[in-house]
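Structural overview for review
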Amino acid sequence: MRIDHLILSDFRSHEHLKLEVGEVTLVTGPNGAGKSTLAGALEFWVSGKNPYAQSREDERDSLIRHGADSGYVSVIPEGWGGEVSRTIRPHKIGIAGSGSMGVRDAQARLETIAGCTGDMARLSIRAGFFDMTEKGQTALLYELLGVRITDDLVAAELAERVG
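Residues numbered from 1 in each chain as written. Predicted model: local features only at pLDDT ≥ 70, side-chain atom pairs only at ≥ 80, totals over all residues. Heavy atoms only, no water.

A few points about the overall build of the protein
Of the regular secondary structure elements, the protein holds six helices and six strands. Reading the helices (α) and strands (β) of the protein from amino to carboxyl end gives β-β-α-α-β-β-β-β-α-α-α-α. Sequence-distant contacts, at least 24 apart, represent 45% of the contacts inside the protein between residues at least 6 apart. (Helix = DSSP H or I, 4+ residues; strand = E, 2+ residues; numbered from the N terminus. Contact = heavy atoms within 4.5 Å.)

See below:
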């Protein structure tokens, strides 16, 4: 199958791009212009998988252009007369009192609320942080931070405060 056009909408750095593809197509531009993204878009269109994902949480979210709600990659095959598209919708996480938000936004919020690193926030999200009770969230953060609270430590702290 030969491709006549590749269309990207809110895919990575491309807000909207319609690229006419010939027998041989040469793509040039400065570093960071999005040249490699074209190959990644084709890979996503064919496989449905994110070639840039570093974790399951990144599966779809890192494909969507920052600030966009969703995106898509379309191909117009030669002689078909229409587009064949694959849409990207973000994974949403429900947060009590905040509705739902994408994984990237949830990670940023967790980093701000808990004062933790990006890696710790990703681990917390993977562990289902926003679905946990407040007690479960506290226990998970203590575990990730390496904080151990035992009955002996609590007794010693109480004795020091009272004594």
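Concerning the pattern of salt bridges
A complete count under the given rule lists four salt bridges for this structure. Between Glu78 and Arg2 there is a salt bridge, with the nearest N and O atoms lying 3.6 Å from each other. Here Arg2 lies in the segment before β1 (3–11) and Glu78 lies in the loop between β3 (71–77) and β4 (84–88), a separation of 76 residues in the sequence. With relative accessibility at 45%, the residue Glu78 sits in the partly exposed group. A salt bridge links Arg65 to Asp10; the nearest nitrogen and oxygen atoms lie 2.8 Å apart. Of the two residues, Arg65 sits in the loop between α2 (58–61) and β3 while Asp10 sits in strand β1, which places them 55 residues apart along the sequence. The buried category is assigned to Asp10, whose relative accessible area is 16%. (Salt bridge = Lys/Arg side-chain N within 4 Å of Asp/Glu carboxyl O. Buried < 20%, exposed > 50% of the residue type's maximum accessible area, 1.4 Å probe, protein only.)

Details of the sheet that holds β4
Pairing between sheet strands relies on hydrogen bonds along the backbone, with the strands arranged either parallel or antiparallel. One open sheet holds the four strands; their spatial order is β2-β1-β3-β4, and the pairing between them is antiparallel. A single partner strand is all that each edge strand has here, and the edge strands are β2 (14–20) and β4. Along the sheet, successive strands turn relative to each other by an average axial angle of 5°, direction set aside. When β1 meets β2, the two strands line up antiparallel, connected through six bridges. (Pairing = 2+ DSSP bridges. Axes fitted to C-alpha atoms, helices over the stretch in contact; angles between N-to-C directions.)

Here we look at the environment of Glu83
Counting through the fold element by element, Glu83 comes out in the loop between β3 and β4. Note on Glu83: relative accessible area 44%, which makes it partly exposed. Separated by 10 residues in sequence, Glu83 and Val73 place their C-alpha atoms 9.5 Å apart. Glu83 has contacts with Ile7, Tyr72, Ser74, Val75 and Ile76, leaving out every residue within four places of it along the chain. At a separation of 3.0 Å, a polar atom in the side chain of Glu83 contacts the side chain of Ser74. (Polar contact = N/O pair within 3.5 Å; in protein donor to acceptor, adjacent residues only side chain to side chain.)

Focus: helix α1 (residues 35–47)
Helix length check: α1 (13 residues) gives 19 Å between terminal C-alpha atoms against 18 Å at 1.5 Å per residue, within 8%. Listed as buried for α1 are Thr37, Leu38, Gly40, Ala41, Phe44 and Trp45. For α1, the buried positions fall inside an angular range of 165° around the axis, keeping them on one side. Exposed positions of α1 whose direction lies more than 90 degrees from the buried face are Ser36 and Val46. Phi for Gly48, located one or two positions after α1, is positive at around 80°. (Expected span 1.5 Å × (residues − 1). Arc of directions from axis to C-beta.)

Comments concerning the pairing of β3
Here β3 lies mainly inside the structure; six of its seven residues are buried. Where β3 and β4 come together, five bridges link them in antiparallel fashion. Bridging from a neighbouring strand, Gly71 pairs with Ile88 of β4. Counting the residues between successive antiparallel strands, the hairpin from β3 to β4 contains six residues, one of them, Gly79, with a positive phi of roughly 80°.

Details of the confidence of the model for the protein
Across the protein, the average pLDDT comes to 77, with 72% of residues at or above 70. Within the protein, strand β5 (residues 92–95) has the poorest average pLDDT of any element, 52, and β2 the best, 93. (pLDDT = per-residue confidence, 0-100.)

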